[in-house]
Amino acid sequence: MQQETALTKLRPQPSLPRRLWKQWQIQFMALCGIVFILIFNYLPMFGIVIAFKKADYSVNLMKSVVEAPWVGFAYFKEFINDYQFRDILFNTIGLNLLQLLINFPAPIIFAILISEIVHKRYKKFVQSITYFPHFISWIVFGGIVINMLSVESGVVVPILMKLGFIDEPVAILGEAAAFWGLIIITSIIKGLGWGSIIYLAAITSIDPTLYEAATIDGAGRFRRIWHITLPSISGTIIVFFLLSVSNLLNSSFDHIWVFQNPLNLERSEVIDTFVYKMGITQMRYSYTTAVGLFKSLVALVLLVAGHLLSKRIAGRGIF
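Residues numbered from 1 in each chain as written. Predicted model: local features only at pLDDT ≥ 70, side-chain atom pairs only at ≥ 80, totals over all residues. Heavy atoms only, no water.

Q: Explanation requested: the pattern of salt bridges in the structure shown.
A: Note on pairing: side chains with opposite charge can pair once their charged atoms come close. Considering all chains together, one arrives at five salt bridges under this definition. Among the ionic pairs, Lys295 bridges to Asp272, the shortest N-O distance being 2.6 Å. Here Lys295, found in helix α19 (residues 285-313), pairs with Asp272, found in helix α18 (residues 271-281); they are 23 residues apart in sequence, far enough to count as distant. Lys295 sits in the buried class, given a relative accessible area of 13%. Members of the salt-bridge network, linked through shared partners, are Asp56, Glu78 and Arg284. (Salt bridge = Lys/Arg side-chain N within 4 Å of Asp/Glu carboxyl O. Helix = DSSP H or I, 4+ residues; strand = E, 2+ residues; numbered from the N terminus. Buried < 20%, exposed > 50% of the residue type's maximum accessible area, 1.4 Å probe, protein only.)

Set out below in structure tokens:
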């Protein structure tokens, strides 16, 4: 055995080009991903410079990147001093915190429940039903929800009245106080099944002998979940939790936009919708680039802080 190991060490290793050629299919797939990231993630970073230049209302942005005069941090200060800043920041952080507290654990719980189903056909049926909404765009899905919530032709308002939750017809989409609840419920309906896939994959990779040994020792279903399932998928949970924390200032634009209207603007205006309105419709390119850069820097700080805290508490982080 030692002789074989020594011979393996002495055997000349193939050159790098030869190894790449042998794995050309895998290397090609990796190269496609790298090219995609370079084109759509790194190249646009050169445009960040307009956050520090006077390029608002510019017709030729490429020319403005080079020739526009520097204004420093003027647009960052303008955003912080904007009268809408507090409301926008409150809506963005509040809505995303609620989704972190409610929507983040929902797929984990659902994946555990699915894994406990013994009947295979019923299990596949439940998975198929819950995965399907993910493949519908928010525009179509939102249109369905809007029609269901309609006071004149919807089915939700009459059901709520019969159940005694409301005494008279209420335009739910026009109620600013109901907007966050609407976003939470619709995001769970649409993303619950799809979000559970990664956790189901992690659960299926757990050694079945651990459950068998626990059953022999007298552990019930809840104890097996608590002492075997959750610790085994804790690494996956931590990674996705840290990614979710770093996205506290990122909202699903199409999700918010489809349900937003002037009546609920008080609670529906977030950073992403604000950037779209100011940047695209009003051509405030430098101003909205500064807002986007501010959001990205906060996300980076949250990601690093969450990683360090996780390493200290749980002993593992995102990398």
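Q: Can you help me understand the packing of aromatic side chains in this one?
A: Two numbers describe a pair of aromatic rings. These are the distance of the centres and the angle of the planes. Per the counting criterion, the structure on display carries 19 aromatic pairs. Residues Phe253 and Tyr276 carry aromatic rings whose centres are separated by 5.2 Å and whose planes lie at 55° to one another, so their mutual orientation is tilted. Taken together, the residues Phe253 in helix α16 (residues 253-259) and Tyr276 in helix α18 connect sequence positions 23 residues apart. An aromatic cluster is present here, built from Phe79, Phe85, Phe274, Tyr287 and Phe294 joined pairwise through their rings. Seen from the ring of Trp180, Arg267 lies directly overhead, with NZ or CZ sitting 6.0 Å from the centre. (Phe/Tyr/Trp six-rings, centres within 6.5 Å; stacked < 30°, edge-to-face > 60°. Lys NZ or Arg CZ within 6 Å of the ring centre and 35° of its normal.)

Q: Is there a simple way to explain the nonpolar core in this structure?
A: Note that soluble globular proteins tend to have their nonpolar side chains buried in a common cluster. Formed by 25 residues in total, the largest nonpolar core has its most connected members in Phe104, Ile108, Tyr199, Ile203, Ile206, Ile233 and Ile237. Contributing elements (two or more residues each) for this core: α7 (105-115), α8 (120-131), α12 (197-204), α13 (208-216), α14 (221-232) and α15 (234-246). Among the elements that take part in this core, α7 stands out by supplying six residues, more than any other. Non-local contacts of Ile203, meaning those with residues more than four positions away in its chain, are made with Ala111, Ile112, Ser115, Thr229 and Ile233. Of all hydrophobic cores here, the second largest spans 16 residues; its members include Ile136, Leu149, Ile256 and Val258. (Core = buried A, V, L, I, M, F, W, Y, C linked by side-chain atoms within 4.5 Å. Contact = heavy atoms within 4.5 Å.)

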